[in-house]
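# Remarks on the overall topology
Each chain, letter by letter, is given below.
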Amino acid sequence: MAKGGISADVIVDLQYGDCGKGKVAHHLARSKKYTHVLRYNGGCNAGHTIFHKGKKFVTHHIPAGVFFGIPSIIGPGCVVDPLAFKREIRSLESGGIKTKGMVFIARNTHTITAAHRAEDGVDKKIGTTRRGNGPAYRDKYGRTGVRADKVAALKPYLIDLPKEVLDKKNVRILAEGAQGFGLDIDWGDYPFVTSSHCTVGGAVLNGIPASAVREVWGIAKMYETYVGAKKFQPKGDIFNKIGDVGEEFGSTTGRRRQTNWMNMQLLEKAIRINGVTHIVFNKVDVLRAVGAWAVIDSPRAKSRGGGKVKKFASEKEMKAFIAKRLATLGVKKSNIFFSESKERI
Ligand code: IMP
Ligand code: MG
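No experiment lies behind these values; they were computed from the predicted model shown. (Residues numbered from 1 in each chain as written. Chains lettered and ligands numbered in written order. Predicted model: local features only at pLDDT ≥ 70, side-chain atom pairs only at ≥ 80, totals over all residues. Heavy atoms only, no water.)

For the rest of this paragraph, the subject is the sheet that holds strand 9 (residues 158–159). Spatial ordering of the open sheet is given by 9-7-5-2-10-1-11-14-17, a layout of 9 strands whose pairing is parallel. At either end of the open sheet lies a strand with only one pairing partner, and these are strand 9 and strand 17 (336–338). Alignment of strand 14 (residues 278–282) against strand 17, held across 3 bridges, turns out to be parallel. Considered in strand 17, the bridge of F281 is made with F338. Where helix 1 (residues 21–31) meets the sheet, it contacts strand 1 (6–13), strand 2 (36–39), strand 10 (171–176), strand 11 (213–221) and strand 14, and its direction lies at approximately 155° from that of strand 1. Docked against the sheet, helix 8 (residues 264–274) engages strand 1, strand 11 and strand 14, running at close to 150° with respect to strand 14. (Pairing = 2+ DSSP bridges. Helix = DSSP H or I, 4+ residues; strand = E, 2+ residues; numbered from the N terminus. Contact = heavy atoms within 4.5 Å. Axes fitted to C-alpha atoms, helices over the stretch in contact; angles between N-to-C directions.)

Structural data, given as structure tokens:
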């Protein structure tokens, strides 16, 4: 055990968000013994789709521990919108999920204000989710932001994270991320990025000792999607088909997501930088339904579009190709999961 008896497993998205982190967080929270689930970055720009007991939920701020009575914390790497947060509490409650005494916000977490929402609300350049995320982080770093402990409506939820969680004995945290590597403020395709850290480094910033990190669960899809202002989807009807079959519409904004084949170079970089130990590839069933198997694999291609397409004759061939590549990065075959269900991995 690390210092203070803490260990943590971290969930990171390896592409552009919307890879199914919510599903994996829900699965891990159900199947392993965590004492806390902690959301480590982003705000209500995120939309995590979770099927719980056959019912669909979309969470924006609140981590998946709440579905199983595990204390769920919004960490200081996040920005929280008090209005959206309260709406989310109400919507979970009306769906039969108990939130009382289960949901906490670190007192040093910054907030999204009405001014942030208004400013982001007219964005056209980046194609943001217009939830005030970028302006809230800008003000945090500009040292003019408003922390949660200054907002009356959030008082009942506030905790001193080090004192009330990190310093306790036998703490086992599941750290749930938002957005993804391709949207990361440092590693994404700047300026078409979000304003927070979407990597394991981002999780550690929330007060988790680096030596406490055990498993790093990287989440990808068998193809890529992106929502935002840049052009991402290549020409070809196949990409619209993938989007239709995969129901690729934003869970927060309802916008149609652009699609492309999975980019191996982006994936490999994200695996390396995050130190991924386990990996889930979601939506195998979608490529199966459209009957096409391909990736982009060209080491010298620019990250923005283009790249050489490598086609496969079958699902088996594509899976074998991926597993072989991941072996060179130290990811064991037994730690690779190909998923084709909305509810399970
Ligand atoms: P922002 O995070 O709202 O500032 O948006 C910046 C970029 O990140 C835009 O391209 C958004 O569509 C994208 N983005 C933000 N949150 C998510 C998410 O949860 N899933 C997918 N894309 C996201
Ligand atoms: Mg989403």
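Right, let's get into the coordination of the magnesium ion (ligand 2). Reference values for coordination geometry: four tetrahedral donors around a metal ideally subtend 109.5 degrees, six octahedral donors ideally subtend 90 or 180 degrees. Binding of the magnesium ion (ligand 2) to the protein goes through D18 (OD) and G47 (O), at separations of 2.1 to 2.4 Å. Residue D18 is located in the loop between strand 1 and helix 1, and its partner G47 is located in the loop between strand 2 and strand 3 (48–52); the two are separated by 29 residues in the primary sequence. (Donors = N, O, S within 2.8 Å, 3.2 Å for Na, K, Ca; no water.)

This paragraph deals with the environment of I89. With respect to the helices, strands and loops of the structure, I89 is situated in helix 2 (residues 82–94). Using a relative accessible area of 8% as the deciding quantity, one classes I89 as buried. In this structure, the C-alpha to C-alpha distance between I89 and A118, residues 29 residues apart in sequence, is 23 Å. Not counting residues within four places of it along the chain, the set of residues in contact with I89 comprises I62, T99, V103 and Y157. (Buried < 20%, exposed > 50% of the residue type's maximum accessible area, 1.4 Å probe, protein only.)

Here we take up the site of ligand 1. Close contacts around ligand 1 come from 18 residues, with D18, N45, T129, T194 and V227 the closest. Contact between ligand 1 and N45: an oxygen atom at 2.8 Å from a side-chain N or O atom of the residue. T129 is positioned with one of its side-chain polar atoms (N or O) 2.6 Å from an oxygen atom of ligand 1. More than half of the atoms of ligand 1 fall within 2 Å of the grid points belonging to the largest pocket. (Near = heavy atom within 4 Å. Polar contact = N/O pair within 3.5 Å; in protein donor to acceptor, adjacent residues only side chain to side chain. 1 Å grid on protein atoms, 1.4 Å probe; cavity = no way out; pocket = protein on both sides within 12 Å on 5 of 7 lines; lining within 4 Å. Sits in = over half its atoms within 2 Å of the grid points.)

Take it as geometry only, folks, not as evidence of what the structure does.
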